[in-house]
Amino acid sequence: MAYDRDTRRWEVGIDVGGTFVDVVAVAPDGAVHASKHSRRAGEPAQAVLQALDEVSGTLGFQPSEVGRILHGTTIATNILLERSEPPVAVIVNRGFADVLTLGRQNRRDLYAPWVPCQAPVSLVPDALRFEIGGRIDAAGQECEPLNEAEVRGAAQAMREAGVRSAAVCLLFSHCNPAHERQVRAWCEDTAPEIAISLSSEVDPRPREFERWLTAAMDAYVKIGVTDYLRRFQDGLRQRGYVPALVMRSQGGVATLDACLRKPLTLAMSGPAAAVQGVAGMLDETSLAGDALSLDIGGTTSDLSLIQGGRTRYTLELGVGDMSLRMRSVDVLSVAVGGGSYVSVHAGGGIRVGPESAGARPGPVAYGRGGVRVTVTDCLLVLGLLPERLAGGLALDREAAAAAIEASLARPLGLSVEAAAHAAVHVANGALAEAVKRAAFAVGSDPRKLTLVAAGGGGAMHAAEVARMAGIARVAVPALPGVAAAYGLLRSDWTDVVEQALDLPLADDAWQQLGSVARRLAEVLRAPDVVSYGELSHAFFLDVGYAGQEFALEVPFELAHDSAADIARRFDDEHARIRGQAFSAPHRVRGMRLVARRAPSSAAGEARPVATGGQLERERTLRLPQVASCLVHQRAELAVGQEESGPAIIMSGDSTAWVPPGWRWRVDSSRVLIMERA
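Residues numbered from 1 in each chain as written. Predicted model: local features only at pLDDT ≥ 70, side-chain atom pairs only at ≥ 80, totals over all residues. Heavy atoms only, no water.

Novice: Honestly, the sheet that holds strand S6 (residues 129–132) in this entry has me stumped. Any pointers?
Specialist: The strands making up a sheet are joined through hydrogen bonds of the backbone, oriented either antiparallel or parallel. Across the sheet, four strands lie side by side as S6-S5-S9-S10; this open sheet has parallel pairing. At either margin of the open sheet sits one strand with a lone partner, and together these are S6 and strand S10 (195–198). The sheet shows a mean angle of 25° between the axes of neighbouring strands, direction not considered. Where strand S5 (residues 89–93) meets S6, four bridges bridge the pair, whose relative direction is parallel. The residue of S6 that forms the bridge with Val92 is Glu131. Of the strands in this sheet, S5, S6 and strand S9 (165–169) are in contact with helix H4 (residues 148–160), which crosses S6 at around 170°. Contacts between helix H5 (residues 178–190) and the sheet are confined to S5, S6, S9 and S10, with S10 contributing the most and set at about 175° to the helix. (Pairing = 2+ DSSP bridges. Helix = DSSP H or I, 4+ residues; strand = E, 2+ residues; numbered from the N terminus. Axes fitted to C-alpha atoms, helices over the stretch in contact; angles between N-to-C directions. Contact = heavy atoms within 4.5 Å.)

Novice: Sorry if this is basic, but what is going on with helix H13 (residues 416–441) here?
Specialist: It helps to recall that an α-helix has 3.6 residues per turn; residues three or four apart then point in one direction. Compared with the 38 Å implied by 1.5 Å per residue over 26 residues, the 38 Å span of H13 between its first and last C-alpha is a close match. Backbone geometry just after H13 places Gly443 at a positive phi near 75°. (Expected span 1.5 Å × (residues − 1).)

Novice: Explanation requested: the layout of surface pockets in the structure shown.
Specialist: It is the rolling of a water-molecule-sized probe over the atoms that shows where space remains empty. Approximately 1,000 Å³ is the volume found for the second largest pocket. As for the second largest pocket, its lining consists of 40 residues, of which Ser200, Glu201, Val202, Lys262 and Val497 are closest to the centre. Of all the elements in the fold, those that place two or more residues in the lining of the second largest pocket are H5, S10, helix H6 (199–202), helix H7 (208–239), helix H8 (256–261), strand S17 (322–329), strand S23 (493–504) and helix H16 (510–523). Of the residues forming the lining of the second largest pocket, the biggest block, six residues, is contributed by S23. (1 Å grid on protein atoms, 1.4 Å probe; cavity = no way out; pocket = protein on both sides within 12 Å on 5 of 7 lines; lining within 4 Å. Points joined across faces, edges and corners; volume = space filled by probe spheres on them.)

Novice: Would you take a moment to explain unusual backbone geometry for this structure?
Specialist: Gly353 connects to Pro354 through a cis peptide bond whose omega is 0°. By secondary structure assignment, the location of Pro354 is in strand S20 (residues 350–356). Note that the residue after Gly645, namely Pro646, is joined by a cis bond; omega there is 10°. Looking at where Pro646 falls in the secondary structure, it is placed in the loop between strand S29 (642–644) and strand S30 (647–650). One non-glycine residue, Arg207, lies in the positive phi region at around 85°. The residue Arg670 is not glycine, and still its phi comes out positive at about 65°. Within the secondary structure, Arg670 is located in the loop between strand S32 (662–666) and strand S33 (672–676).

Worth remembering: the numbers are spatial, not functional.
Here it is in structure tokens:
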């Protein structure tokens with residue numbers, strides 16, 4: 001089905017998190033309407049559809065008037081983190097059932113008495129690992145044929161065990177996927193109700209453990225993601241809307257069918273959209289060089305570097321304690337958010353996270369049954385949060401104070417306010433360390449960056465986090481609290497295909513590289529997304545030194561680059577990220593084609609959302625040496641307006657805190673700039 005669009009029609013971006021459903025609707029005249037909606041209990045897809053119904057009713061548009069719907073979701077991430085879905089099966093070569101248990105034996109903690117398993121083996125238990133005969137060798141040649149009866153027997157055993165999804169993980173399938181495809185065909189014929197993921201399609205690169213783990217996790221999220229997306233699309237169809245495009249981890253939207261083929265690509269859907277939204281709301285003046293986005297939600301904070309106004313990408317996606325090999329927007333997630341639990345550990349210090357209250361029951365102040373103190377409760381008691389959040393969510397300060405008294409203040413021997421302030425300080429310190437770690441990981445000096453606040457809590461913490469990280473400048477975009485929903489509307493349609501290689505980086509390999517590039521362009525699936533522009537191709541090579549285990553991705557243009565160009569580009573990147581370059585020969589480990597189509601129109605100018613209701617102008621605080629501060633309504637601020645902290649700047653989607661010792665101003669793009677005085 002064509003994803004048609006008319007420039008006179010509405011466009012809607014919807015991002016769903018744990019507490020809120022964020023919606024940005026762009027009217028035919030380009031006006032941007034942003035709103036946050038409290039996520040209701042019940043089936044996740046229904047909560048998103050209810051938010052869409054509320055927006056359409058408020059703004060007065062009909063489904064037939066909407067030309068484009070974009071969606072970002074945490075469904076795959078939540079499945080991987082919560083691990084409450086039934087286990088999945090894997091089919092492997094005979095003798096290799098323990099690969100997922102053994103892993104690489106990497107020791108992340110040098111002082112741990114043992115090496116923990118790198119894969120969640122409870123999700124792929126021994127009883128559901130099926131070994132079969134047949135073998136492809138390292139050259140991609142068949143050295144032992146498959147046994148059809150054996151494969152069908154494994155499929156029947158999976159059916160009898162109640163398995164709903166499985167991964168086929170065979171040796172050297174990145175060189176020749178024929179055996180994996182044949183196994184899938186026999187399994188689908190024997191047990192068609194079982195969804196199958198192939199390692200050669202999910203991650204067509206060498207190294208069995210990494211490829212097999214990624215394929216197994218693709219199978220693990222497949223049923224939950226499929227059920228959610230189909231319910232969402234069914235709800236849209238019943239209402240008369242066009243099919244939605246869904247955001248993927250690689251930084252672009254895709255059709256439902258593409259997402260269902262590789263559901264694991266949704267694992268960083270929301271954070272990827274937020275980075276695109278932040279970049280789209282800032283110009284060169286606002287960024288003032290490289291920037292680091294700090295997107296604070298209810299459960300986690302996501303950090304991503306923006307260089308030259310562009311997002312960075314990585315070939316390894318971190319989700320919880322797992323590293324999954326997948327091209328993704330480069331995001332570092334830390335378990336500190338507004339819903340993170342605050343407690344006193346055995347040593348008498350304060351611990352923030354990693355556990356979180358989520359949306360249900362949520363912080364104590366939400367009044368939904370929560371009894372454990374969260375960062376949000378502490379901010380409320382200090383006076384930094386209003387008594388009513390976006391979406392009309394009322395907060396109970398007295399309940400939050402009572403919980404802090406019982407679980408923090410009394411054990412620490414502090415007042416309620418002092419305990420709350422200490423907890424927020426610990427949370428900010430953890431975020432500051434994460435900021436420095438994210439910058440150092442890509443060879444950047446954090447002191448030279450602009451910290452960009454995003455998410456519902458980003459602007460509340462950003463200035464204090466920046467001070468602790470040595471950063472002197474903070475930028476708050478016009479719509480920080482709905483950055484992901486806004487980013488959806490600005491994101492390209494994208495798709496990625498790749499092929500593993502093992503070639504010397506030399507000019508005489510150019511003919512072979514050209515053949516691979518043409519083949520990748522031919523196999524790329526490009527649906528008729530007519531709401532987007534012309535298709536463009538960008539090629540990348542995975543390059544490493546001879547004998548080096550891992551590669552780095554570098555851009556590649558067959559018609560203009562030489563082997564020396566690629567080698568120089570790789571050496572520069574290697575020196576920047578890993579501190580040095582070597583004189584060893586270079587080898588090409590793989591080629592990747594990233595196809596893009598840009599949206600046919602811009603998302604419209606982002607403007608701050610008015611808070612509505614009675615506007616406060618001054619607020620009493622309970623911070624050390626800060627008794628009160630002025631309260632500004634961001635929608636009323638004039639371009640060029642400049643004042644000093646302490647101050648609270650409120651908007652309909654977020655609240656910004658400007659501490660003492662900071663100045664703030666509104667630049668020409670309506671970005672709020674905070675700088676240390």
